[in-house]
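In case you want the letters, here they are:
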Amino acid sequence: MLVLVLNPGSSSLKYAVWQFDSGNLKASGQEVLRGAVERIGESEVTDHAVALESIVKELSSLLGERKLEAIGHRVVHGGRFTGPVLIDSEVIRYLELLNPLAPLHNVPAVLCIHAATRTWPQVSQVAVFDTSFHRTLPEHVWRYALPQGLCRQYGIRRYGFHGISVEHVGQRAARMLGIPWEKFDGVIAHLGNGASVTAVHGGQSVDTSMGFTPLEGLVMGTRSGDVDPGILIFLLRQGLCAEELDNLLNRDSGLKALAGDNDMRTITTSAATGDKDAQLALETAAHRLVRYIGGYHVTCGGANAIVLTGGIGENSAPFRTRVLEKLAPLGVKIDPVVNETVVGLKEARVVSAPESSIPVLVVPTDEQAAIAKATVAVVSTQ
Ligand code: ADP
């Protein structure tokens, strides 16, 4: 079975094709190809539907006679869905209702679903959600201290995101440490342009830093993460409208607001050459992250491991150093030599010293692999 995976980001569309053996669909499968269209919206690639057209052209020449049998879409916000679903018109309508909750990601995902339906009307499509892994959050964690009627009316609760990645890297980390996933307790930080931390207890999500939307929690590339909600009330009274607040918090805040740039490589270079704003941005982001890791170490019942992933977690040795040094009171100790060598690896690596109280692992994420497997699992039960 040939499966196309579409993973739309705010300005990118990553894709992959996976081949599964029809006689043994549960077997791990093989990646046939992968690619990405970047800078969507900035160039002649005006939106994700246009990006998909260029991918369709590329695929038809690369795959030749081989036919796609399923398409797996990454959808950030799944609302009430607690697992992957086969897409039909009802599912699409429901996802469109969720668009305002994850404007950077759900809107492009829905565009991709429509475009893929036009291109491959006969092919089964599956939506795989970042929220699903967090279905196990206990009520005292998913509930906000807001009037219950209001929360019920609007579906306001903590959903949590990055679940596809968190589950994938968590399971890899557990395997590497020889701990059954059902017994794994850990703190998993996915640090990319969007960033979140999750506390895992017994292989299940028990707390996570993103909330009703992917805006809560850590300092991110262009997102503020936690702010005093009183600031928003204040700004509304100053005359800002909802659209302006949305842009402010989702696109003009975070590292971009603190350092003038949202790319960790640029910020690290600037900080090393004495740029005070860049130094402060790194310190602010690290401080917020450490606050969560420390809290979640308690929440998960004492972490077997701290796991780092995402573009920054996998590649930025200086940021890892900054964060792990702040965890010294927990007995965490980095191995500076190994840490420096861990950039762009395909394999998981331990970057802590042998005497560290908690092992720290860098595990490369592969959302496409997880989506391909989830897609096959859904399609094969139809
Ligand atoms: P997204 O959330 O868009 O998928 P990624 O997981 O690709 O984002 O992470 C993007 C972040 O990773 C950016 O801040 C980028 O600067 C950072 N990054 C990527 N490669 C490196 C590297 N070699 N060193 C430091 N940071 C890196």
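Scroll up a little and you will see the structure.
Residues numbered from 1 in each chain as written. Predicted model: local features only at pLDDT ≥ 70, side-chain atom pairs only at ≥ 80, totals over all residues. Heavy atoms only, no water.

**Student:** Teacher, can you tell me more about the overall build of the chain here?
**Tutor:** Along the chain, the regular secondary structure elements total 15 helices and 12 strands. Over its C-alpha atoms the chain spans a radius of gyration of 21 Å, differing by no more than 12% from the 21 Å that the globule rule assigns to 382 residues. By its C-alpha atoms, the chain is 55 × 55 × 45 Å across when sized along the principal axes. With 382 residues in all, the chain has 52% of them scored as buried. At a minimum sequence separation of 6, the contacts of the chain that also span at least 24 residues come to 67%. Carbon and sulfur atoms make up 53% of the accessible area of the chain, which amounts to about 17500 Å² in all. Put simply, the chain has 34 plus and 39 minus side-chain charges, and the middle of one group is 3 Å from the middle of the other. (Helix = DSSP H or I, 4+ residues; strand = E, 2+ residues; numbered from the N terminus. Rg over C-alpha atoms; globule rule 2.2 N^0.38 Å. Buried < 20%, exposed > 50% of the residue type's maximum accessible area, 1.4 Å probe, protein only. Contact = heavy atoms within 4.5 Å. Areas by Shrake-Rupley, 256 points an atom, 1.4 Å probe, with all protein chains shown as cover. Lys, Arg positive; Asp, Glu negative; His and termini not counted. Charge placed at Lys NZ, Arg CZ, Asp CG, Glu CD.)

**Student:** Just to check I follow, could you spell out the nonpolar core for this structure?
**Tutor:** Grouped together as the largest cluster of nonpolar side chains are 65 residues, with contacts concentrated most on Leu95, Leu191, Val197, Leu289, Ile293, Ile306 and Phe319. In terms of residue count, the dominant contributor to this core is helix α11 (residues 276–299) (10 residues). Filtering out sequence-adjacent residues up to four positions away, Leu289 remains in contact with Ala189, Leu191, Val197, Leu218, Phe319 and Val323. Within the second largest apolar cluster, 23 residues are counted, among which are Tyr15, Ile55, Ile71 and Ala116. (Core = buried A, V, L, I, M, F, W, Y, C linked by side-chain atoms within 4.5 Å.)

**Student:** Explanation requested: the packing of aromatic side chains in the structure shown.
**Tutor:** Any aromatic ring pair is given by two values, namely how distant the centres are and how the planes are angled relative to each other. This structure, assessed with the given rule, holds seven aromatic pairs. For the ring pair Phe81 and Tyr94, a centre distance of 5.3 Å and an interplane angle of 85° mean the geometry is edge-to-face. Note that Phe81 is positioned in the loop between β4 (70–75) and β5 (85–86) and Tyr94 in helix α2 (residues 89–98), a separation of 13 residues in sequence. For Tyr94, a relative accessible area of 17% translates into the label buried. Of the aromatic side chains, those joined through ring pairs into one cluster are Phe81, Tyr94 and Phe129. Positioned above the aromatic ring of Phe81, the side-chain terminus of Arg80 is 5.0 Å from the ring centre. Across from the ring centre of Trp142, 4.4 Å away, lies the NZ or CZ of Arg157, which sits over that ring. (Phe/Tyr/Trp six-rings, centres within 6.5 Å; stacked < 30°, edge-to-face > 60°. Lys NZ or Arg CZ within 6 Å of the ring centre and 35° of its normal.)

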